[in-house]
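# Notes for the structure review
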Amino acid sequence: MNFFSSMGFTAVSFLAFTVLVAVIAYFYSRNRDMSSESGYYLAGRSLPGIVIAGSLIMTDLSASQLIGNNGQSVQVGMGVFAAQGFGFSGMILVALLLVPKYLQSGISTMPEFYELRYDKFTRNLTSIIMMISYIVVFLPSTLYAGAQVFITIFNVDGMLGISYTMAMTIICVIIAIIGFCYAFFGGLKAIAMSDTINGLGMLVGGIIITIAGMIYLSSILGGDGSFLDGLDKFLHTDPAMMNIINEADSNEPWWPWPVILTGLTVNNVYFWGCDQAIVQRAFGAKSMAHAQKGMIYAGLLTLITPFFLVLPGIIAKFVFTDMDWATSGDLAFPMLINAVLPRPVLGFFAACVFGAIISTFNSYLNSASSIFAINIYSDIIHPEADEKTVVKYGRLFSVVVAVCATAIAPFLANVNGIFSWMNMALGLFNTPILIITLFAIFSKRAPRYLGKIIIPIHIVIYLLLNYLLPHVIPFFGTIHYMYYTFVLFIFDVIVSLIVTKMNPLEEEYTLPNNPPKDMDLSPWKYRIHASVATLAIVAIIYVIFSPLGFGKCDETTWERYQNSMDRSAVTCVVDQSVL
């Protein structure tokens, strides 16, 4: 066997690219002061727009996205574009409306912002909520999905002669250790630089896998093995899979078209504007213009990510026709890349995927550390500690977070659909935190105890609607969870307005004007132009893959699913009557 086509070369190329990224990140950040909060957690507020954009994309582009989105598209089709492509809506709104207020206030963390506007209890409560979400949801999901990819690519369980569960545990531990090293020793500067390099590699690799997938599809379906023939077969083999617009009454993993402008937008604004791991990049910007550039550039780049977050799942649907994707959708992406990528390229792409996994892991680990160090250790445990001590204990806390997340990760094998599970879990708290953020900025009379009311009320009602009532009244289980997100958003706004009306602040509150030293707060002059251009591109994509374009079909994927369920119900009744 040619060495360049062997698993050995795949392993070598994987290690070579991974080490190269680590070395570049080290040299880029080695002269940065890591003993101060600003130097370690905010990269000394020196990040340019393009680095912010790359870091944002790679933080978002976790292994759970690669696995989860393709696991949905193999069943749903192009409708999954909404989950990723519409991320631009949150980025643009945050860049235009929220980032200027954050930088003006001079904050380092989101909980710190909540103390400025509300009180210390709200700061502590949001700190705890965010840390729990990182430890229980984000970090374990990243480890689990990443391990799933590498077990499939490198046949880890077969190669080592161990069980799948043991292989999962080993890979999770390895990913956690490497990601921890980035976050512990390099700080945000090293993370952001490695994100940018891995982001470029992922974009290139994503295009390669799409091209290779189209060529493979052509050969499987009896074509001439060319890319153009594969593209033709991709577009016309099953027009229902090309329909980007899902019915309003469809349920997850489908994305009903009304949720795109309602619940999904709420989710996006929270994720890009309130999640510490995301906005920490904007806090580390050189200037306001660079922060806005980074957010809007990232919004534009999300329109490229469906090349490897949506299309591979659809190709897998056409290629692996004997799979029951309703129960094994999360295998679509790793199965396809293992089948279509040549060995010389597989190692490079595996390294890029590994970079995406590490990026998300170390980003959330760094953010959990920053929240603990700045908002809990220095504020509650040891208020007199100097910055060096605060950073030291923040780093030590990241060890605890990494261990806990690694212990939880293997148990996610019992979750049906990692992406849907993540979104549903985050809905528990993301809306009320977004509400108190919006009222902090746009309401001068909202009382300081607002978060103490909205957060617990929302959590109780969300648990009832999504987890308890569906077991008692089946109708509630037929409603997409993003509808609940929007309904509760409106409910939370109404309650907040009532509370503000009944007990407003005696004096109007104005956010402090305390920007970081020497930071230019002038906005990016092309922010509106770039935002409109991004919106226009999305509109064109939706027309191309709608019933007006390639998505014209007699039966949609949702209707097909409903009909199959009806047939299953009839078969079940017949079988019982025979008995």
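Residues numbered from 1 in each chain as written. Predicted model: local features only at pLDDT ≥ 70, side-chain atom pairs only at ≥ 80, totals over all residues. Heavy atoms only, no water.

## Let's talk about the overall build of the chain
Spelled out, the test is: Starting at the N terminus, helices and strands are each numbered in turn, a helix being any DSSP run of H or I of at least four residues and a strand any DSSP run of E of at least two. The buried label goes to any residue with under 20% of its type's maximum accessible area, the exposed label to any with over 50%, and the partly exposed label to all in between, with areas taken from a 1.4 Å probe on protein chains only. By definition in these notes, contact holds between two residues if any of their heavy atoms fall within 4.5 Å. In this description, accessible areas are obtained by the Shrake-Rupley approach with a 1.4 Å probe, and a residue is regarded as covered only by the protein chains that are shown.
Secondary structure assignment for the chain yields 27 helices and zero strands. Residue burial in the chain is summarised as follows: out of 579 residues, 59% are buried. For the chain, contacts bridging at least 24 residues in sequence account for 83% of all contacts bridging at least 6. Here the chain has roughly 22700 Å² of accessible surface; of this, 68% comes from carbon and sulfur atoms.

## A closer look at a nonpolar patch on the surface
Selection rule: The residues that make up patches have over 30% relative accessible area and no salt bridge, and they are joined within 9 Å when like-charged or within 5 Å when they are Val, Leu, Ile, Met, Phe, Trp or Tyr. By salt bridge we mean one thing: a side-chain nitrogen of Lys or Arg within 4 Å of a carboxyl oxygen of Asp or Glu.
Together, M159, L160, M166, I170, I174 and I178 make up an exposed nonpolar region whose accessible area comes to about 520 Å². Looking at the nonpolar patch, the elements with two or more residues in it are α9 (156-160) and α10 (164-220). Structurally, the position occupied by M166 is in helix α10.

## Details of the pattern of salt bridges
According to the stated counting rule, one finds five salt bridges in the structure shown. Two residues, K452 and D119, come together in a salt bridge whose shortest N-O distance is 3.1 Å. Within this pair, whereas K452 is found in helix α24 (residues 450-472), its partner D119 is found in the loop between α7 (110-117) and α8 (120-154), the two being separated by 333 residues in sequence. For K452, a relative accessible area of 37% translates into the label partly exposed. As a salt-bridge pair, R560 and E555 come within 3.9 Å of each other at their nearest N and O atoms. Taken together, the shared-partner salt bridges connect D238, E555 and R560 into one network.

## A look at the confidence of the model for the chain
For clarity, the cut-off: Every residue is assigned a pLDDT by the predictor, reflecting its confidence on a scale from 0 to 100.
Of all residues in the chain, 86% attain a pLDDT of 70 or more, and the chain-wide mean is 81. The weakest mean pLDDT in the chain belongs to helix α2 (residues 37-41) at 45; the strongest belongs to helix α11 (residues 227-236) at 94. In this model residues 33-41 is a low-confidence stretch, pLDDT under 50, and it forms 41 contacts with partners more than four residues away in sequence or in other chains.

## Considerations on helix α21 (residues 387-408)
Quick note on the threshold: Expected span, for any helix, means 1.5 Å times one less than how many residues it has.
With 22 residues, α21 should reach 32 Å at 1.5 Å per residue; the first-to-last C-alpha distance of 32 Å fits that figure. Among all positions in α21, only V390, V391, G394, R395, F397, S398, V401, A402, A405 and T406 are buried.

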